[in-house]
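# A structural walkthrough
Each chain, letter by letter, is given below.
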Amino acid sequence: MKLSLSNGIFSKLRLNGNFTAVKQLGFQNIEFNMKSIKKEHDKDVYREQKALATSGLNCLTLHSAVLHVKDPIEVHQAVYYGKISLECARALRTSLMTVHSNVSKKLSRDVRERCLREVFGEIKPFAKSLGIKLSLENLSYLSTGFGKNVEQLEEVLGIIDPKGEMGITFDLCHALEAKEMDNLLEAYGKRVCNVHMANKAHKPITQETPELKRFLTKLHDCGYEGPITLELDHKTSMEEIAKSKAFFEKLLVAF
Ligand SMILES: [Zn+2]
């Protein structure tokens, strides 16, 4: 498994400062979170590409900009966010993009289905043409989006991914908050291709717990070798991030 840091934690910094902070901590791999970009302008992807090349960091995954559509009128906006994120993923040479369902949990089932079909009907073929795999993230019960447990994710995947081509980004924080860790692991252990690693409320994990051990053992048994992406609350101090990094560097030797 490969340790990585979501640069969303430094989203308040300008891009060069953001990458510098990641490097100061000694990380080599990042998940580029589109939140790090103030406003999505098409040609900005060249700026991102240049900043990453200058930093020497390796972009393992990209977290898409997302909009949890509350009304079908917003579909075009969610499609735009998805496509510009894919352009950015291509520019940063990563072949895996984490997405949310992009639909609000407040929609009725019918409207939800329509919005899912429309959004992913555009994003999926575009991703395919760029050779980028999409990976659906389990959401927190606090999220405005739909997709926090197996039942909801099955509904979403049944509509947008009937052939089972998409991966799963397993967010441990969200799974713990929703008390769904074991159910999600059971259903999707073999499809996981990215992990968002944090305790509840995106607090850093700095010591071993029975849950963490169970989680990593199950993933290991499924043959998982992908990123362990620390995705932490932006209030986390540099010291706490460094502590979590050191903890995982040691722990992951066994996985
Ligand atoms: Zn996450």
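Residues numbered from 1 in each chain as written. Predicted model: local features only at pLDDT ≥ 70, side-chain atom pairs only at ≥ 80, totals over all residues. Heavy atoms only, no water.

## So, the coordination of the zinc ion
Six octahedral donors around a metal ideally make angles of 90 or 180 degrees; four tetrahedral donors ideally make 109.5 degrees. In plain terms, the rule: Only nitrogen, oxygen and sulfur atoms qualify as donors, provided they sit within 2.8 Å of the metal or within 3.2 Å for Na, K and Ca; with water excluded from the atoms, sites may seem incomplete. Only two sets of limits are used to name each site, 85 to 135 degrees for every angle of a tetrahedral four-donor site, and over 155 degrees for opposite donors with all other angles from 65 to 115 for a square planar four-donor or octahedral six-donor site, with any other site named irregular.
Looking at the zinc ion, one finds its protein donor set to be Glu137 (OE), Asp171 (OD), His196 (ND1) and Glu231 (OE), positioned 2.0 to 2.2 Å from the metal centre. Viewed at the metal, the four donor atoms of the zinc ion are separated by angles of 88 to 174 degrees, and the geometry they form is irregular.

## A few points about the packing of helix α7 (residues 181–188) against helix α8 (residues 210–221)
In a pair of packed helices, the angle between the axes and the distance between the axes together describe the arrangement. Note the cut-off: The angle between two axes is taken between their N-to-C directions and runs from 0 to 180 degrees, where each axis is a line fitted to C-alpha atoms and a helix contributes only its stretch in contact. Helical segments are the DSSP runs of H or I of at least four residues, strand segments are the runs of E of at least two, and each set is numbered from the N terminus. Each angle gets one of four labels, with under 35 degrees taken as roughly parallel, over 145 as roughly antiparallel, 65 to 115 as roughly perpendicular, and the rest as oblique. When checking whether two residues touch, look at their non-hydrogen atoms; a contact exists if any pair is within 4.5 Å. Put simply, Ala, Val, Leu, Ile, Met, Phe, Trp, Tyr, Cys and Pro go in the nonpolar bin, Asp, Glu, Lys and Arg in the charged bin, and everything else, Gly too, in the polar bin.
Viewed as axis vectors pointing N to C, α7 and α8 meet at an angle of 5 degrees, and their least axial separation amounts to 11 Å. As judged from the angle between their axes, α7 and α8 are roughly parallel. Residues Met181, Asp182, Leu185 and Glu186 of α7 form the contact with α8, whose own contacting residues are Glu211, Arg214, Phe215, Lys218 and Leu219. Residue composition of the contact of α7 with α8, by class: four nonpolar, no polar and five charged.

## Thoughts on the nonpolar core
To keep things clear, this is the line we draw: Throughout, nonpolar core names a set of buried Ala, Val, Leu, Ile, Met, Phe, Trp, Tyr and Cys residues whose side chains join them through atoms within 4.5 Å. Burial status follows relative accessibility: with a 1.4 Å probe on protein chains alone, a residue under 20% of its type maximum counts as buried, one over 50% as exposed, and anything between as partly exposed.
Phe32, Met197, Phe215, Leu216 and Phe248 are the most contacted members of the largest nonpolar core, which has 83 residues in total. Filtering out sequence-adjacent residues up to four positions away, Leu216 remains in contact with Met1, Met197, Ile228, Leu251, Leu252 and Phe255.

## Some points on the packing of helix α1 (residues 15–24) against helix α2 (residues 44–55)
What counts here: By the definition used in this description, the sense in which the near helix is turned from the far one sets the handedness, with an anticlockwise turn below a right angle giving left-handed and a clockwise turn giving right-handed.
Look at α1 against α2: their axes get within 10 Å of each other, and the N-to-C directions meet at 30 degrees. The pairing of α1 with α2 is recorded here as roughly parallel in orientation. Two packed elements cross with a definite hand, and for α1 against α2 that hand is right-handed. For the pair α1 and α2, the contacting residues are Leu15, Asn16, Phe19 and Lys23 in the first and Glu48, Ala51, Leu52 and Ser55 in the second. In the contact of α1 with α2, the residues fall into four nonpolar, two polar and two charged.

## Side note on the pattern of salt bridges
Convention followed: For this document, the term salt bridge refers to a Lys or Arg side-chain nitrogen within 4 Å of an Asp or Glu carboxyl oxygen.
The final tally for this structure, using the stated rule, is 16 salt bridges. Notably, a salt bridge pairs Arg47 with Glu48, separated by 2.9 Å at the nearest N-O pair. Arg90 is the salt-bridge partner of Glu87, the closest N and O atoms lying 2.9 Å from each other. With a gap of three residues between them, Glu87 and Arg90 both fall in helix α3 (residues 75–91), about one helical turn apart. Taking the relative accessible area as the measure of exposure, Glu87 reaches 27% and is therefore partly exposed. Each of Lys124, Lys128, Asp161, Glu165 and Arg191 takes part in one network of salt bridges that share partners.

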